[in-house]
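Working through the structure, step by step
Take a look at the letters that make up each chain.
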Amino acid sequence: MLLFKNSYLLIILIGFVSSCSEGIKKNELINGTYPTAIEQAVEEIEELLSLVNKNLLVLDSTQIDPIINLHGLECMANTCRGEVMFGGIVLKKIFKCNNGTINTVHYDLYYDSLTPGLEKDIQNAINLIDVKFGIHNSIYNSGTMKTYSWIFHRNIIDLESFNNGFTLTIRKSRRAEQRTETALVLPKHLQLTEKLIHYLYDDSLSLGLSTIAHVQNLFPADFKGKSDALAFSETYNNTILLSGMFLFKEERLSGVYFDYVYSDTTSKETLTNTKTVKSMITTLYQEPSSVATVPLSTSYRWSNSPIVLEMYSDGFSVFLERNSL
C-alpha cells in the first residue's frame, strides 16, 4: 500500500514538472524566443560565410550538386536559384556555375516596405563580415547604392546596400590575372568592349544586379541617359561608329548592346576586329557553344556566358542575352 502511494505521488510529481516545463516553453515562445525575420536571414548569410571561411565552399572548385538539394535550388543552364521568405524579407539565392562548379554566389535580401530596421540590419551584416574576414578593404558610394568590399584568399566579397534591401556577392578576384596581353595594344575603339567582357567575367557587371550609377562608374563614356537606359556613341577615325546602350528594369541592368558600324565595307578591319573580340571572349569562356550562319550574319554564343557576338558585312555587335544563362 505504501509503495502504491509513493508511486502515485511520483506520477503526480512528474506530471507537475512536465506541466511546468511546458508552461515555461510556452512562455518562452510567447516572449519571443522565435528568431526574427532578419535573424533567420542572417543565419543563412552566416552559414554561407562560414563555408567560405572554412574552405568548404571554394569558388571554381566546389560542385553545385550537393548544394542543390540542401538549398532547394532550381537550375537552368549554369545558374541555380532559390528563394526563402522570412516574414517581410525575401532572400533570393543565386549560384552561378561553370560545368557544375560554383564560381559566384549572390544572396539578395529584399525588404517589404513595412519591414523596419533595414539600416540597422545592413550594419549588423557588415559587422558580421568584418568579424570573419577583417575590416572591409573599401567603400564605394554611388549615391543610390553603397558597396562594401572585402578581399579574402583571392575572393572578393561585396555587400551592396540599396533602398529596399542589400546584396551579398562572393566572387573570384581574377580580372587582374586574366587580362590578356592584347589589352595593352587594343585599338581604341575596342577598349570599351574589352571592359564589358572582363567586367562581366569577374562579376563587376551583372545582369539583374548592376545599377545605373555602377555602370557610369565602370565605363568612361559620354552617356546620355534617362530612368531606364544609358546610351553613348563614339566615332573613331571618321570610319567606325560605336553605339552603346545599357537598359535597366526596376533600376537594375537588364541588357547591354554594343554595335560597331564600319563605313569602309571593303576593308578587312571588320573581320580582324571581330576575330579579336571573339578571341577575348574565348580566352575567358572557352570556345563558343554554338555558331549560326545565315546569309547576312554569323552569330557566336557561349553556354557559360550571356555574351553574344554577331558579325555583319558592315560591322559587328556584342550584346548580353539573359536567356543564354
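Residues numbered from 1 in each chain as written. Predicted model: local features only at pLDDT ≥ 70, side-chain atom pairs only at ≥ 80, totals over all residues. Heavy atoms only, no water.

**A closer look at the overall build of the protein chain**
This is how it is decided: Starting at the N terminus, helices and strands are each numbered in turn, a helix being any DSSP run of H or I of at least four residues and a strand any DSSP run of E of at least two. To sort residues, take the accessible area from a 1.4 Å probe on protein chains only and compare it with the maximum for the residue type: under 20% means buried, over 50% means exposed, and anything in between is partly exposed. In what follows, a contact means two residues having at least one pair of non-hydrogen atoms within 4.5 Å. Each accessible area value is a Shrake-Rupley result obtained with a 1.4 Å probe; residue values ignore everything except the protein chains displayed when judging cover.
The secondary structure content of the protein chain amounts to eight helices and 16 strands. By residue count, 45% of the 325 residues in the protein chain fall in the buried class. Excluding contacts between residues fewer than 6 apart, the proportion of contacts in the protein chain whose partners are at least 24 apart in sequence is 47%. Looking at the protein chain as shown, the accessible area adds up to about 17,600 Å², and 54% of this sits on carbon and sulfur atoms.

**Quick word on the state of the cysteines**
The condition is simple: Criterion for a disulfide: a pair of cysteine sulfur atoms within 2.5 Å.
Counted by the stated rule, this structure contains one disulfide. Its sulfur unpaired, Cys-97 is 4.7 Å from the next cysteine sulfur, which belongs to Cys-80. Given a relative accessible area of 5%, Cys-97 falls into the buried group.

**Overview of the packing of helix H2 (residues 37-53) against helix H4 (residues 118-133)**
When two helices pack together, their arrangement is given by the angle between the helix axes and by the axis-to-axis distance. Counted only if it meets this: For helices, the fitted line uses only the C-alpha atoms of the stretch in contact; every axis is such a line through C-alpha atoms, and the angle between N-to-C directions lies from 0 to 180 degrees. By definition in this entry, angles of less than 35 degrees are roughly parallel, angles greater than 145 are roughly antiparallel, angles of 65 to 115 are roughly perpendicular, and the rest are oblique. Should the near helix be turned anticlockwise from the far one by less than a right angle, the crossing is left-handed, and should it be turned clockwise, the crossing is right-handed. Lys, Arg, Asp and Glu make up the charged group, whereas Ala, Val, Leu, Ile, Met, Phe, Trp, Tyr, Cys and Pro make up the nonpolar group; the residues left over, Gly among them, are polar.
Contact geometry of H2 with H4 gives a least axis separation of 11 Å together with a crossing angle of 20 degrees. With respect to their mutual orientation, H2 and H4 come out roughly parallel. In this structure, the crossing between H2 and H4 has a hand that is right-handed. Contact with H2, carried on its side by Ile-38, Val-42, Ile-45, Glu-46, Leu-49, Ser-50, Val-52 and Asn-53, involves Asp-121, Leu-128, Ile-129, Lys-132 and Phe-133 of H4 and no other residues of that element. Taken together, the residues of the contact of H2 with H4 break down into eight nonpolar, two polar and three charged.

**Observations regarding H2**
This is how it is decided: Each helix should span, by expectation, one fewer than its residue count multiplied by 1.5 Å.
In a regular helix each residue adds 1.5 Å, so 17 residues correspond to 24 Å; H2 covers 24 Å between its end C-alpha atoms and thus fits that length. Phi for Asn-55, located one or two positions after H2, is positive at around 60 degrees.

**Structural notes on the packing of helix H6 (residues 191-201) against helix H8 (residues 269-285)**
One way to put it is that H6 packs onto H8 with a least axis distance of 10 Å and a crossing angle of 15 degrees. With respect to their mutual orientation, H6 and H8 come out roughly parallel. For the pair H6 and H8, the crossing hand works out as right-handed. Between H6, through Thr-193, Glu-194, Ile-197, His-198, Leu-200 and Tyr-201, and H8, the contact on the second element is made entirely by Val-277, Met-280, Ile-281, Leu-284 and Tyr-285.

**So, the pattern of salt bridges**
Condition: Any Lys or Arg side-chain nitrogen found within 4 Å of a carboxyl oxygen on Asp or Glu counts as a salt bridge.
In this structure the tally under the stated criterion is five salt bridges. In this structure, Lys-93 and Glu-44 form a salt bridge, with 2.7 Å as the shortest nitrogen-oxygen distance. Of this pair, Lys-93 sits in strand S3 (residues 89-98) while Glu-44 sits in helix H2, placing them 49 residues apart in sequence. Each of the two residues, Lys-93 as well as Glu-44, counts as buried.

**Quick word on the side chain of Asn-273**
Note the following rule: Distance and chemistry together define a polar contact, namely a pair of N or O atoms within 3.5 Å, with one atom able to donate a hydrogen and the other to accept it when in protein, and with adjacent residues in sequence counting only for side-chain atoms on both sides.
The topology assignment puts Asn-273 in helix H8. A relative accessible area of 5% means that Asn-273 is categorised as buried. Of note is the side chain of Asn-273, whose polar atom sits 2.6 Å from the side chain of Tyr-262. Those residues within four positions of Asn-273 in sequence are excluded, and the remaining contacts are Pro-187, His-189, Leu-190, Tyr-262 and Phe-316.

**Here's the deal with a positive patch on the surface**
To keep things clear, this is the line we draw: Distance thresholds for patches are 9 Å for like charges and 5 Å for nonpolar side chains (Val, Leu, Ile, Met, Phe, Trp, Tyr), applied to residues having over 30% relative accessible area and no salt bridge. Within this scheme the basic residues Lys and Arg register as positive and the acidic residues Asp and Glu register as negative, but His and the chain ends are omitted. Just so you know, the charge point we use is NZ for Lys, CZ for Arg, CG for Asp and CD for Glu.
Residues Arg-81, Lys-92, Lys-249 and Arg-322 make up a contiguous surface patch of positive charge. By the element assignment, Lys-249 lies in strand S11 (residues 240-249).

**Digging into the nonpolar core**
The test is simple: Residue types Ala, Val, Leu, Ile, Met, Phe, Trp, Tyr and Cys, when buried and joined through side-chain atoms within 4.5 Å, form a set referred to as a nonpolar core.
By size, the foremost hydrophobic cluster in this structure holds 39 residues, and its most contacted members are Phe-219, Phe-246, Phe-258 and Val-277. The element that contributes the greatest number of residues to this core is H6, accounting for six residues. When near neighbours in sequence (up to four residues on either side) are disregarded, Phe-258 contacts Leu-192, Thr-193, Leu-196, Phe-219, Phe-232, Leu-242, Ser-243, Gly-244, Phe-246, Phe-316, Ser-317 and Val-318.

These results come straight from atomic positions and should not be treated as a statement about function.
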